[in-house]
Structure formats: C-alpha cells, structure tokens
Amino acid sequence: MNFTDEIVGALASYGVPALYVILVVAAAGVPAPVTLLLVVAGSFVAQGDMSMTSVVIASSLGAITGDQIGYFLGRWGGRKLAARALHFVGGEARLQQAEDATRKYGGAAIFLSRWLITPLGPPLNLTSGITKYPWAKFLLWDVMGELLWVVLYVQLGRIFSDRVETVADTLGNVTWLAVGAVIALVLGWKLFGYLRSEDSDESVSVVAVEPEKKIS
Amino acid sequence: MAERFKLHGLHGRGQWLVAVGFFLALCLTGVFAYRVLHHRPPPTDEPIRGWMTIGYVAHAYRVPPHILYPPLGLPSAPPAPPDKRPLREVARAQNLTMDEVRARLMDAIIHARPPYPPPPPPPRPEDVVPSPNIGNTGGAPR
C-alpha cells in the first residue's frame, strides 16, 4: 500500500470532506502529503470536478482546526510537561525567555509557518500553547496564513493542472530550503552573539560560573 | 584540562549545540538550494500513479478521456458518467494490478497520439443499443 496514493486517492474517492479531515490531522502534527493534496485539488478544480470555493473553505477550515488542536494541546498539556522538565529546558527563567520571545516574534513565526516554512507549523502550534501566546492573536495569524497557503497552492494546481507532481516536488524543495535558511539565520545570529560576547570576555576565567566572580 | 578541548569563543554544551545546529541548517539549505536550482521537469509525461483518476490521466496526457475506459473494461464515458475513482480502486475492482493498469492506459495513449490517426469521437447516447428486456419490446434499433 502506497501511503501517498491512499491519502491523495481519498480526495478522488470522497471529495471535499476528505480534504477537510486530512488537513485537520496533518495540521495537528501527523505527517501527510498535503502539498500534493492541495495541488491535486487545484487540478481537479481546473478540470471542473470540484469547486474552488468548497476546496478553499474545506482546506482552510481543516488546517485551522488542526492548528487549534496543537495549540490547545500545548496550552493544557504541554505546560505541565514543560514544568516537569524545567532543568532540561534551562529552568523557569529560560522558559520565561521563550515566552517573551514568542510574544515578540510569535505572530510573524506563526504566519510564516502556515505557508512558507510549513514543516515548522505543528511544533509552533505546540510551543505557542506552551508559552501561552494569546489565543486571539494566534487565531488571527493562523487564519491569515492558512488562507494564503491554501489559495496559493490550489491556484498553482489550477495553473499547472497537468503537472501536479512536478509542482508539488518543486514546492517541497522550496519549503525545505526556506526552513533551512530560517533556522540557519536564527542560529547564526545566536552564534554570532556568543562569539561577540566571548571576544569581550576573553580574559575571564572559564572555570568561574558564579556571576559575581566575573572580572569586568 | 577541559579548557584544551574548547574552541575559541564557544563555551558549554548549549553553545556547541547551537553551532552544530547552525552547520546542519546550512547543509540543509545547501542541499535544497541545489535541488531547486537544478530541478528539471521530466522529459516525458508524469508517471501514472494510483491516486490519479481516469479524467486526470486524460488531462495530463492530453487525450480524450473516452479512449481510456475500454482498455480497463469500463463502459466508455461519455455516454456513461465519468468514473471519478482513483486508479488504485479501479484496479482493485477490475482485478488488475497497477502495473497492468498503467500498461493498458499507456498503450491506449500511445495509439491516440501521432503518428497514429486521431481516435474516433466518443459514442453518442443514441448510438448505444440498450440490452433487450424480456417482456419488453425494447428500444429502437439503430
């Protein structure tokens, strides 16, 4: 049994309801070939087998529903888990830092993870819940991002309706390129910060760990 | 002694993890940048997959859909309504493997394209003779 064939074939067999269900599950974190699914849906729209309106509504609602599941799993369950693993995440102070960073940059991260760096979507849903990112803001960025993603991919499927696998492959490569670039940018910036701060503290004894023993 | 193994500027496991993560992210970016820049669409039509419908295959290969039904043992559409099942379901229903489905479809497609003559138009509903029912005078013969 080919997993992709089964998932995408469900679209042909069951239509728009299958689209909704698959997107709920995928957005909640279960890996599924949703890029190909949306592009194929666009192709079916181009051939007159499905309506654009129903595809966009079902897909967006499905993705948003799945995102809400991830968010509330993080909000209700993840926080307890994070509290138990405080020494792994760097203590309460580090968790507070993550919360502050999420509040500052969370909107942009949520929006981009809906349509550009989509593999980071499900983990960001969880972390948004864990760090108590305001739900109304989460929903707003989520809806905007998912609508953009669905319309973009379905339209690409309509335009390249006879080459859906090629389009889906290209989109997959572009997505992972964007993921790599964003992670490299974030980690590179962090690394740069470490190297800069170490340069100014070269004379500091590396053995010392208590802040009050640092020599300025 | 631990200091000898620390590279200049990086201290602690956390910072090392960030450095390793940065390096891996750069590798990931490089690999997918290469794939994007060197991606070439296949020289021939896209391979036939189990999720595709007969209508999609006809659309992708630019052949009239009605020529793809008879090779699979299905009534020609039109005049029958189009079959919207994925090919994997059609294969199961017709007791065929996907390889057999692909082979039959490709054969029909090849024979619908140049240098072969163009396929005939789809049969009209009125050209289809209904099966005679017992006790019924039946439809008008053509």
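Thresholds applied
Residues numbered from 1 in each chain as written. Chains lettered and ligands numbered in written order. Predicted model: local features only at pLDDT ≥ 70, side-chain atom pairs only at ≥ 80, totals over all residues. Heavy atoms only, no water. Helix = DSSP H or I, 4+ residues; strand = E, 2+ residues; numbered from the N terminus. Expected span 1.5 Å × (residues − 1). Buried < 20%, exposed > 50% of the residue type's maximum accessible area, 1.4 Å probe, protein only. Arc of directions from axis to C-beta. Contact = heavy atoms within 4.5 Å. Core = buried A, V, L, I, M, F, W, Y, C linked by side-chain atoms within 4.5 Å. Buried area = accessible area lost by both parts, 1.4 Å probe. Salt bridge = Lys/Arg side-chain N within 4 Å of Asp/Glu carboxyl O. Polar contact = N/O pair within 3.5 Å; in protein donor to acceptor, adjacent residues only side chain to side chain. Nonpolar A, V, L, I, M, F, W, Y, C, P; charged D, E, K, R; others polar. Axes fitted to C-alpha atoms, helices over the stretch in contact; angles between N-to-C directions. Parallel < 35°, antiparallel > 145°, perpendicular 65-115°, else oblique. Left-handed = near helix turned anticlockwise from the far one by under 90°. Patch = residues over 30% accessible without salt bridge, like charges linked within 9 Å, V, L, I, M, F, W, Y side chains within 5 Å. Areas by Shrake-Rupley, 256 points an atom, 1.4 Å probe, with all protein chains shown as cover. Phe/Tyr/Trp six-rings, centres within 6.5 Å; stacked < 30°, edge-to-face > 60°. pLDDT = per-residue confidence, 0-100.

## A few points about helix H4 (residues 98-112) of chain B
Residue and element names in this part refer to chain B.
Alright, step 1. With 15 residues, H4 should cover 21 Å at 1.5 Å per step; its first-to-last C-alpha distance of 21 Å lies within 8% of that length.
Alright, step 2. Turning to H4, its buried residues are Met-98, Val-101, Leu-105, Ala-108, Ile-109 and Ala-112. Taken around the axis of H4, the buried residues stretch over an arc of 100°, which confines them to a single face.
Alright, step 3. Contact partners of the buried residues in H4: helix H2 (54-61) and helix H3 (87-93).

## Description of the nonpolar core
Alright, step 1. Among the nonpolar cores identified, the biggest contains 56 residues, and Leu-68, Leu-72 and Leu-87 of chain B are the most heavily contacted of them.
Alright, step 2. Tallying contributions element by element places helix H3 (residues 34-46) of chain A first for this core, with 9 residues.
Alright, step 3. The next biggest cluster of nonpolar side chains, apart from the first, holds 5 residues, and it includes Leu-187 and Tyr-194 of chain A together with Val-18 and Ala-19 of chain B.

## Describing the interface of chain A and chain B
Alright, step 1. Between chain A and chain B, the contact holds 41 residues from the first and 38 residues from the second.
Alright, step 2. Buried surface at the junction of chain A and chain B, both sides included, amounts to about 3500 Å², of which 61% is carbon and sulfur.
Alright, step 3. Where chain A touches chain B, the interface holds 5 salt bridges.
Alright, step 4. In this structure, the salt-bridge partner of Arg-62 of chain B is Asp-162 of chain A, at a minimum N-O distance of 2.4 Å.
Alright, step 5. Where chain A touches chain B, the interface holds 17 residue pairs in polar contact (both at pLDDT 80 or more).
Alright, step 6. For the side of chain A that touches chain B, the elements supplying multiple residues, two or more each, are helix H1 (3-14), H3 and helix H9 (164-200) of chain A.
Alright, step 7. Among the elements that line the side of chain A that touches chain B, the one with the most residues is H9 of chain A, at 22 residues.
Alright, step 8. Tallied by class, residues from the side of chain A that touches chain B come to 20 nonpolar, 10 polar and 11 charged.

## Quick look at the packing of H3 of chain A against helix H8 (residues 135-159) of chain A
Residue and element names in this part refer to chain A.
Alright, step 1. Axis separation between H3 and H8 bottoms out at 6 Å; the angle between their running directions is 55°. Taken together, the axes of H3 and H8 are oblique relative to one another. Both H3 and H8 take part in a crossing whose hand is right-handed. Along the contact surface, H3 presents Val-34, Thr-35, Leu-38, Val-39, Gly-42, Ser-43, Val-45 and Ala-46, while H8 presents Trp-149, Val-150, Tyr-153, Val-154, Gly-157 and Arg-158.

## Section: the pattern of salt bridges
Alright, step 1. Here the structure, examined in full by the defined rule, presents 9 salt bridges over all chains.
Alright, step 2. With its nearest N and O atoms 3.2 Å apart, the salt bridge here joins Arg-92 of chain B to Glu-6 of chain A. Of this pair, Arg-92 of chain B sits in helix H3 while Glu-6 of chain A sits in helix H1, which puts the two residues in different chains.
Alright, step 3. The network of salt bridges with common partners includes Glu-6 of chain A together with Arg-88 and Arg-92 of chain B.

## Side note on a nonpolar patch on the surface
All names here are of chain A.
Alright, step 1. Together, Tyr-20, Val-21, Val-25, Val-30, Ile-57 and Leu-61 give the surface a local cluster of nonpolar side chains, amounting to about 500 Å² of exposed area.
Alright, step 2. Among the secondary structure elements, those contributing two or more residues to the nonpolar patch are helix H2 (16-27) and helix H4 (52-84).
Alright, step 3. Looking at the nonpolar patch element by element, the count peaks at 3 residues for H2.
Alright, step 4. With respect to the secondary-structure elements, Tyr-20 resides in helix H2.

## Some remarks on the packing of aromatic side chains
Residues and elements named next belong to chain A.
Alright, step 1. Across all of its chains, the model carries 10 aromatic pairs over all chains by this definition.
Alright, step 2. Ring centres of Tyr-71 and Phe-138 lie 4.6 Å apart, and the angle between their planes is 25°; on these two criteria the pair is classed as stacked. Of this pair, Tyr-71 sits in helix H4 while Phe-138 sits in helix H8, and the two are 67 residues apart along the sequence.
Alright, step 3. Residue classification places Tyr-71 among the buried positions, given a relative accessible area of 0%.

## Notes on the environment of Leu-152 of chain A
All names here are of chain A.
Alright, step 1. Summarising the element assignment, Leu-152 is placed in helix H8.
Alright, step 2. By relative accessible area, Leu-152 is classed as partly exposed at 36%.
Alright, step 3. In sequence terms Leu-152 and Val-39 are 113 residues apart; their C-alpha atoms lie 9.2 Å from each other.

## With respect to the confidence of the model for chain A
All names here are of chain A.
Alright, step 1. For chain A, per-residue confidence averages 83 on the pLDDT scale, and 80% of positions sit at 70 or higher.
Alright, step 2. Highest mean pLDDT in chain A belongs to H8 (96); lowest belongs to helix H5 (residues 86-89) (52).
Alright, step 3. Long-range and interchain partners of residues 200-210, a stretch whose pLDDT sits below 50, account for 8 contacts in this model, where long-range means more than four residues apart.

## Here's the deal with the side chain of Arg-114 of chain A
All names here are of chain A.
Alright, step 1. Tracing the sequence through the fold places Arg-114 in helix H6 (residues 91-115).
Alright, step 2. Side-chain polar atoms of Arg-114 contact the side chain of Ser-113, separated by 3.0 Å.
Alright, step 3. Residue contacts for Arg-114: discarding those within four places in its chain leaves Asp-67, Gly-121, Leu-124, Asn-125, Phe-138, Trp-141, Asp-142, Gly-145, Glu-146 and Trp-149.

## Here's the deal with the side chain of Ser-76 of chain B
Alright, step 1. Turning to its location among the elements, Ser-76 of chain B is positioned in the loop between H2 and H3.
Alright, step 2. Among the polar contacts made by the side chain of Ser-76 of chain B, one reaches the main-chain carbonyl oxygen of His-66 of chain B at a distance of 3.4 Å.

## Looking at the confidence of the model for chain B
Residue and element names in this part refer to chain B.
Alright, step 1. With 75% of its residues at a pLDDT of 70 or more, chain B has an overall mean of 81.
Alright, step 2. Here helix H1 (residues 12-37) is the element of chain B with the lowest mean pLDDT, 88, and H4 is the one with the highest, 95.
Alright, step 3. The low-confidence segment residues 1-7, where pLDDT is below 50, has 5 contacts with residues more than four positions distant or belonging to other chains.
Alright, step 4. Confidence drops under a pLDDT of 50 for residues 134-142, and excluding neighbours within four residues, the segment shows 2 contacts in the predicted structure.
Alright, step 5. Here the predicted complex carries an ipTM of 0.74, next to a pTM of 0.78.

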